[in-house]
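As a plain string of letters, each chain reads:
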Amino acid sequence: MLHIHNKELDTVILDMDGVITQTAIVHARAWKKMFDAFLEEYSGKDFEPLDIEHDYNEFIDGKSRLDGIRSFLSSRNIELPEGDPGDDPSANTVQGIGKRKNEIFLEVIEKDGVDVYEDTVEMLETWKKEELKLAVISSSRNCRYIIEKAGLTPMFEVIVDGIKLEKENLSGKPKPDIFIKAAEELGSEIMRSMVIEDAISGVQAGRKGNFGLVVGVDRNNKTDSLKKAGADIVVKKLTELKEEKE
């Protein structure tokens, strides 16, 4: 049993991008490249490019691919047909530009591989030795592929990804469905489960799900926003949680 912040915990549920793997910035750049090209085509040369600091964090980060597209397009008052999963990446539909973004992202991963946060790997190894139940969640449909590329598959008993969200008709963040599903598959109690997130929408989801402890990971100087979203603790590195143990 893990004791942190006056809580008794036996389960850790971690978001992937930005917590375990250094893929959040790859996602952000892929979104920017895709949307800037789309916006230039759609609005002409005077288009307003996607701003990673504001647009990505506000409308896209932590959400499923299609929800992120809908959210960002709505912020620009752009309406596109939904399309269907068979759409070509060149199609100007929600489904089509979703595939376009994914192609850009996977090209980078195939070329450069997957970098991990060493502080997280250290804590995963520690928690594994302590026989805590571990799950990774992600709104990304590429979650299993990325975890495998990072060599971390053996660390986790459960993986809940974007494919499972869609298959089981679960709502994405900021609703808590993805975390609740992970806890259910682990056979864990919500109040004995710790959620670890770097996205505002993810912290909000953990809070709404009434999890025992919600930890915000501040990789990009947004401590205040993470606390406001409902994080019990905000850390720069997961190894700081060792100091929180009682």
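What comes next is a walk through the structure. Model, not experiment: these values are computed from the prediction. (Residues numbered from 1 in each chain as written. Predicted model: local features only at pLDDT ≥ 70, side-chain atom pairs only at ≥ 80, totals over all residues. Heavy atoms only, no water.)

## A look at the sheet that holds strand E3 (residues 11–15)
Point 1. Taken in spatial order, the 6 strands of this open sheet run E5-E4-E3-E6-E7-E8, and their pairing is parallel. Two strands bound the open sheet, and with one partner strand each, they are strand E5 (158–160) and strand E8 (233–235). Taken pair by pair, the neighbouring strands of this sheet meet at an average axis angle of 20°, ignoring direction.
Point 2. Where E3 meets strand E4 (residues 133–137), 5 bridges bridge the pair, whose relative direction is parallel. Among the inter-strand pairings, Ile13 is bridged to a residue of E4, identified as Ala135. (Pairing = 2+ DSSP bridges. Helix = DSSP H or I, 4+ residues; strand = E, 2+ residues; numbered from the N terminus. Axes fitted to C-alpha atoms, helices over the stretch in contact; angles between N-to-C directions.)

## What to know about the pairing of E3
Point 1. Most of E3 sits inside the fold, with 5 of its 5 residues counted as buried.
Point 2. The pairing of E3 with strand E6 (residues 193–197) spans 4 bridges and is classified as parallel. The residue of E6 that forms the bridge with Ile13 is Val195. (Buried < 20%, exposed > 50% of the residue type's maximum accessible area, 1.4 Å probe, protein only.)

## Considerations on helix H3 (residues 65–75)
Point 1. Buried within H3 are the following residues: Arg65, Gly68, Ile69, Ser71, Phe72 and Leu73.
Point 2. Contacts made by the buried residues of H3 are with helix H1 (24–43), helix H2 (52–60) and helix H4 (94–112).
Point 3. Positive backbone phi, at 55°, marks Asn77, one or two positions downstream of H3. (Contact = heavy atoms within 4.5 Å.)

## A short note on the side chain of Glu197
Point 1. Structurally, Glu197 can be placed in strand E6.
Point 2. Here Glu197 falls in the buried class, since its relative accessible area comes to 0%.
Point 3. Among the polar contacts made by the side chain of Glu197, one reaches the main-chain amide nitrogen of Ala199 at a distance of 3.2 Å.
Point 4. When sequence neighbours within four positions are dropped, the list of residues in contact with Glu197 reads Asp15, Val19, Ile137, Lys173, Phe179, Gly202, Val203, Val215, Gly216 and Val217. (Polar contact = N/O pair within 3.5 Å; in protein donor to acceptor, adjacent residues only side chain to side chain.)

## Examining the nonpolar core
One broad rule of soluble globular proteins: the nonpolar side chains tend to lie buried together.
Point 1. Judged by nonpolar contacts, the single largest core of 56 residues is most densely connected at Leu14, Phe35, Trp127, Phe156, Met194, Ile196 and Leu238.
Point 2. Residue contributions to this core peak at 8 residues, all from H1.
Point 3. In contact with Leu238, not counting residues within four places along its chain, are Leu14, Val19, Asp119, Thr120, Met123, Trp127, Ile196 and Val217.
Point 4. Grouped together as the second largest cluster of nonpolar side chains are 14 residues, Ala135, Val160, Ile178 and Phe211 included. (Core = buried A, V, L, I, M, F, W, Y, C linked by side-chain atoms within 4.5 Å.)

## Description of the packing of H1 against H3
Point 1. Two numbers describe how H1 lies on H3: the axes approach to 13 Å, and their chain directions differ by 45°. Between H1 and H3, the angle falls in the class oblique. For H1 against H3, the interelement crossing comes out right-handed. Where H1 approaches H3, its residues Trp31, Phe35, Phe38 and Leu39 are matched on the opposing element by Arg65, Ile69, Phe72 and Leu73.
Point 2. Its residues assigned to classes, the contact of H1 with H3 comprises 7 nonpolar, no polar and 1 charged. (Parallel < 35°, antiparallel > 145°, perpendicular 65-115°, else oblique. Left-handed = near helix turned anticlockwise from the far one by under 90°. Nonpolar A, V, L, I, M, F, W, Y, C, P; charged D, E, K, R; others polar.)

## Brief notes about unusual backbone geometry
Point 1. A cis amide bond, omega 15°, links Lys173 with the succeeding residue Pro174.
Point 2. Within the secondary structure layout, Pro174 lies in the loop between helix H7 (162–167) and helix H8 (177–186).
Point 3. Non-glycine residue Asn77 carries a positive phi angle of around 55°.
Point 4. For Asn77, the position within the fold is in the loop between H3 and H4.
Point 5. Since its relative accessible area comes to 71%, Asn77 is described here as exposed.
Point 6. Phi at Asn210 takes a positive value of approximately 60°, unusual for a residue other than glycine.
Point 7. With respect to the secondary-structure elements, Asn210 resides in the loop between helix H9 (200–208) and strand E7 (213–217).
Point 8. Judged by its relative accessible area of 51%, Asn210 falls in the exposed class.

## Overview of the packing of H3 against H4
Point 1. Two elements in contact, H3 and H4, have axes separated by 9 Å at closest approach and are oriented at 115°. Judged by the angle between their axes, H3 and H4 are roughly perpendicular. Handedness of the crossing formed by H3 with H4: right-handed. For the pair formed by H3 and H4, the contact residues are Arg65, Leu66, Ile69, Arg70 and Leu73 on the first element and Val94, Gln95, Ile97, Gly98 and Asn102 on the second.

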